[in-house]
Amino acid sequence: MKNTIFDLKCIAKVMKKLSFYFLLILFFAACNSTKHVAENEHMLTRNYIFIDNVKDNSSALEKYILQKPNPRLLGAPIGLYFHNLGDHEKPKTALKWGEKHPKKYKIVKNIFSEKQSIAYANSFIKLNNWFLSYDAPVIISDHKIKRTSDNLWAYYKTQGYFESEVSATIIRDSIHKKATAEYRINRGRPTLLDTIKLKTESLVLDSIYKDAGMRSLLISGDQYNDKVFRKEASNVVKLFRNSGIYHFSEAALGFYVDSTRTDYKTNVEFLIAKDRFKDDKGVYVKKDYKVHRIKEINVFTDYSYTKKEEIHKDTVTYNGINFLAHRKLKYNPKYLAQSIFFSAGDVYKDTLRDLTRNHLKSLNNFKSTSIKFTPISGLDNALKMDLFLAPKEKFTLGFETELTHSNIRNIGSSAKFSLTNRNAFRGAELLKFSFLGSYFNAKNGPGWEIGADASLEFPRLIAPFGLSKLVPKRMSPRTLFSLGSSFQKNIGLDRQTFTFVSDYKWQYNIKKTIQLELFNTQYIQNLNVNRFFDIYSSEFTNLNTVAEVYDIANGTSYFPLATDLKTQASESLRFIKAVASNNGFKISNSSDYNTVLNIQNRYNIVTSDFLIPTLAYSYTYNSQIDFKDNNFSFFKARFSNSGNLLGLLSNNYNVNGKKTLFKIPLAQYFKTDLEYKRFWSIGSNSVFGFRTFLGAILTYDNSDIPFTRSYFAGGSNDIRAWQTYELGPGSRNSGLEFNVGSFKFLTSAEYRFDLVSSLKGALFLDAGNIWDISGSEFVDEDSKFNDLSSLKDIAIGSGFGIRYDLNFFVLRFDIGFKTYEPYLEESKWFKNYNFASAVYNIGINYPF
């Protein structure tokens, strides 16, 4: 029997090797990149661009090139290799496959059925089609090369190089069926703007233009640039359409450039026509421009295309705005009117139209918002404004699930159920009830968490004494009140939390957001502090080691300390108390004495209940236009304080010298978080990103920092070469389960690129650490941030990752390698740079 098992193991090993070599042979067979290139055809391998005989390696002209080589990863066209594993000549249907492989088809049919033989054939067809779905070889095309030359010539003409010349050469290697394309651009001398003359034929437009004092972008002496002309036209259109000229369009503008001059200068005449009038049907008519005003405003609050012909039975007029509903009006006109930026008699403006549309969308109450302006018959300068609002369902249910994993928690799952009530109090409010639960296996057994919260969001500022008027409605102010609680079992010390949040937020402009957190209060209660030494086993191990030394020095019998959960905490604390009061041991064994006091200090912090009343201000700058924009910057600053106001209400302190309110320790600190991110698009398929974070916490009045508010390092969104809570503080390698600090620096750089289809790759570098700046006597020197010399403790991790884009989220797998380890005594660089010491991170979406 043993020989049989041994033989089976050997066979399995042989099969694995054969499978590996088989796949390796298949892959190298595909590495013939011109496998699917026909005779007399050539695969494009590279484009070369020379500008005035100087080679250009930038990506500035890439968008004008119609043919680009197959994408490469580390110099290899991986997608093309996958494509070459397929065969264009293989059968496309099960019938054709059966005709080509009659024996295989018949065997499956005889053993199973006709249906199974068809499925068998389709599996090979699908596999072949899957290979062929990857990047096919780019076959060089004379026609596309010529069109690219025309594109480059046209581009340089828009830059003022009217005499530029572009030539293209294809260099073919017929033996290997490959080719390169070479574009040579001779720009010539640029043309400069000379005399610039503006001619406005309409008295109305001329008056608006002069009163605005608009500065022209066309400046004599500047190089001709088509983009500047388009920007000038756009600015003029915005000016007039925001001054009541409802029918004005770019068709009324004309630039006339003098092309007869031979001195590389040109005169420009800018003409604004007086009667290039575009009506609502898109037809141009001869009609003088006039300033239009809003005469009538109608809001259809329950619009439906299928009911648009039905009579509106409920109509209310508020501040000159008519609110209509087919049945009963469900929205309070007083609050809905705050989203409408026009009043009767106002001059028409595009900006006010856009503000109205965006404000109504931000209410999250309507599926669609449509605004229509119609000239009123008989009145040349009057408009009727109709708003068609299609409401969303009043009640919606939400359900979210998630798989979780970390170095603290093994595989687990969580779920969140929510109920949203829209327009809860007829003012477009959002009332939301959420219930959450999670279950997982931790290192000390199964654990779970349940929680619930209720939130109410108002689309306006709710503040006393008229303070709401300080933020104009164009900034879309929001007020959020939230109340919640959660309970944990077998997670840490079985924490229970109660949270109340009052949050104010407004959009200062399209890029800047302001957030103010008032009375953001959290109460944290630890229900099972007796498990501290069981959960933080490294602390217990260190304490037990000191107990053995202490017994020898003092003739006591503390060692070994109790491990039974019923007595472990009490016995350990009894030993800590004995050491703390023994001055003789402090003198003879100062290192062990300090170890015990450090453990006592961490015990007091981690097991303590906390009341955390936070007041915070946040400023966010984000220049990203939309989710497709890969050239943008992001900055966020958050300044917060805990305990300053409520601290004035109490003069009580506990036995540890910590201020309390209602006998609960009060967290008192100032905290600052600064984060900056910058992204650059590199070509059409690559992005380079940079992120840096700096945070600091300073306590006062002898307060401790709550564990949940401390900084940590490591994890899938942090320094990916270390697990969560594993790194730091400073150059200390404590071996503790949870390492936290009061000062943090983090920076990351990441290069993201496409691999094949929705599969993307990344190369990254992370650096940073946490330190202690509390000034506590219990903190080792290695953990402190003293001055700039402490920057030598910055840890560095590097690695690579694979991401799969599912459109609605990105599934991410990153491998982080320890590159520089500040806690090592020697050989700090690359000592553990290997797969065995690497950290494997699974995450959702990008790390920053």
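Here is what the cut-offs are and how they apply
Residues take numbers from 1 onward in each chain, read along the sequence in its written order. Two thresholds apply to this predicted model, a pLDDT of at least 70 for residue-level local features and 80 or more for giving and counting side-chain atom pairs, whereas whole-chain, interface and lining totals are computed over all residues. Side-chain figures throughout are based on the complete set of non-hydrogen atoms in the structure, without hydrogens or water. Secondary structure is summarised from DSSP: a helix means a run of H or I of at least four residues, a strand means a run of E of at least two, and numbering begins at the N terminus for each. A 1.4 Å probe rolled over the protein chains alone gives each residue an accessible area, and that area as a share of the maximum for its type sets the label: buried under 20%, exposed over 50%, partly exposed in between. It only takes one pair of heavy atoms within 4.5 Å for two residues to be counted as in contact. Only the protein chains shown count as cover for residues, with accessible areas throughout obtained via the Shrake-Rupley method and a probe of 1.4 Å. Residues enter a nonpolar core if they are buried and are Ala, Val, Leu, Ile, Met, Phe, Trp, Tyr or Cys, with the set joined through side-chain atoms within 4.5 Å. Salt bridges are defined by distance alone: a side-chain nitrogen of Lys or Arg within 4 Å of a carboxyl oxygen of Asp or Glu. Two distance rules govern patches: like charges are joined within 9 Å, and nonpolar side chains (Val, Leu, Ile, Met, Phe, Trp, Tyr) within 5 Å, applied only to residues with over 30% relative accessible area and no salt bridge. When charges are tallied, Lys and Arg are placed among the positive residues and Asp and Glu among the negative ones, while His and the ends of the chain are skipped. Where a charge sits is defined by one atom per residue type, namely NZ (Lys), CZ (Arg), CG (Asp) or CD (Glu). One confidence number per residue, pLDDT, is output by the predictor and ranges from 0 to 100. When the centres of two rings from Phe, Tyr and Trp lie within 6.5 Å, Trp using its six-membered ring, the rings pair. Their planes under 30 degrees apart give stacked, over 60 give edge-to-face, and anything left gives tilted. Charge over a ring is defined by NZ of Lys or CZ of Arg lying within 6 Å of the ring centre and within 35 degrees of the ring normal.

Regarding its fold elements, the chain presents 15 helices and 33 strands. The C-alpha extent of the chain, read off along each of the three principal axes, is 110 × 85 × 70 Å. Looking at the chain as a whole, 42% of its 848 residues qualify as buried. When contacts within the chain are restricted to residue pairs at least 6 apart in sequence, long-range pairs at least 24 apart make up 63% of them. Summing over all exposed atoms, the chain offers an accessible surface of approximately 46,600 Å²; the carbon and sulfur share of this is 56%.

With that settled, the discussion passes to the nonpolar core. Within the largest apolar cluster, 26 residues are counted, with the highest numbers of intra-cluster contacts made by Val299, Leu336, Phe373 and Met385. When contributions to this core are tallied by element, the ones reaching two or more residues are β10 (293-300), β12 (321-325), α10 (350-362), β13 (366-375) and β14 (382-391). Counting residues per element, this core draws most heavily on β14, at four residues. Setting aside its immediate chain neighbours within four residues, methionine 385 contacts Ile294, Glu296, Ile297, Asn298, Ile340, Phe342, Thr356, Ile371, Lys372 and Phe373.

Turning our eyes to something else, we now look at the pattern of salt bridges. Applying the stated criterion to the full structure yields 35 salt bridges. Among the ionic pairs, glutamate 114 bridges to lysine 109, the shortest N-O distance being 3.0 Å. For arginine 531, the salt bridge goes to aspartate 494, with nearest N and O atoms at 3.9 Å. Taken together, the residues arginine 531 in the loop between β21 (512-526) and α11 (532-535) and aspartate 494 in the loop between β19 (478-489) and β20 (495-507) connect sequence positions 37 residues apart.

There is a patch of like positive charges on the surface, built from Lys35, Lys90, Lys100 and Lys104. Note that lysine 90 resides in the loop between α2 (78-84) and α3 (94-100).

As a further point, take unusual backbone geometry. Cis rather than trans, the peptide bond between phenylalanine 559 and proline 560 has omega equal to -5°. Summarising the element assignment, proline 560 is placed in the loop between α12 (537-554) and α13 (565-580). With an omega of -5°, the peptide bond between glycine 728 and proline 729 qualifies as cis. Relative to the helices and strands, proline 729 is located in the loop between β28 (686-699) and β29 (743-756). Even without being glycine, arginine 426 reaches a positive phi, approximately 70°. Positioned with a positive phi, serine 827 is a non-glycine residue whose angle comes to about 50°. In this fold, serine 827 is placed in the loop between β32 (810-820) and β33 (839-844).

When pLDDT is averaged along the chain, the result is 88; 94% of the residues meet or exceed 70. Ranking the helices and strands of the chain by mean pLDDT puts strand β23 (residues 632-642) first, with 97, and helix α1 (residues 2-30) last, with 45.

Applying the stated criterion to the full structure yields 57 aromatic pairs. Where phenylalanine 693 meets tyrosine 711, the ring centres are 6.2 Å apart and the plane angle is 65°; that geometry is what we call edge-to-face. Here phenylalanine 693, found in strand β28, pairs with tyrosine 711, found in the loop between β28 and β29; they are 18 residues apart in sequence, far enough to count as distant. Neither residue differs from the other here; phenylalanine 693 and tyrosine 711 are each classed as buried. Between arginine 720 and the ring centre of phenylalanine 764, over which it is positioned, the NZ or CZ distance is 3.8 Å. The cationic tip of lysine 744 hangs over the ring face of phenylalanine 712; the distance from NZ or CZ to the ring centre is 5.3 Å.

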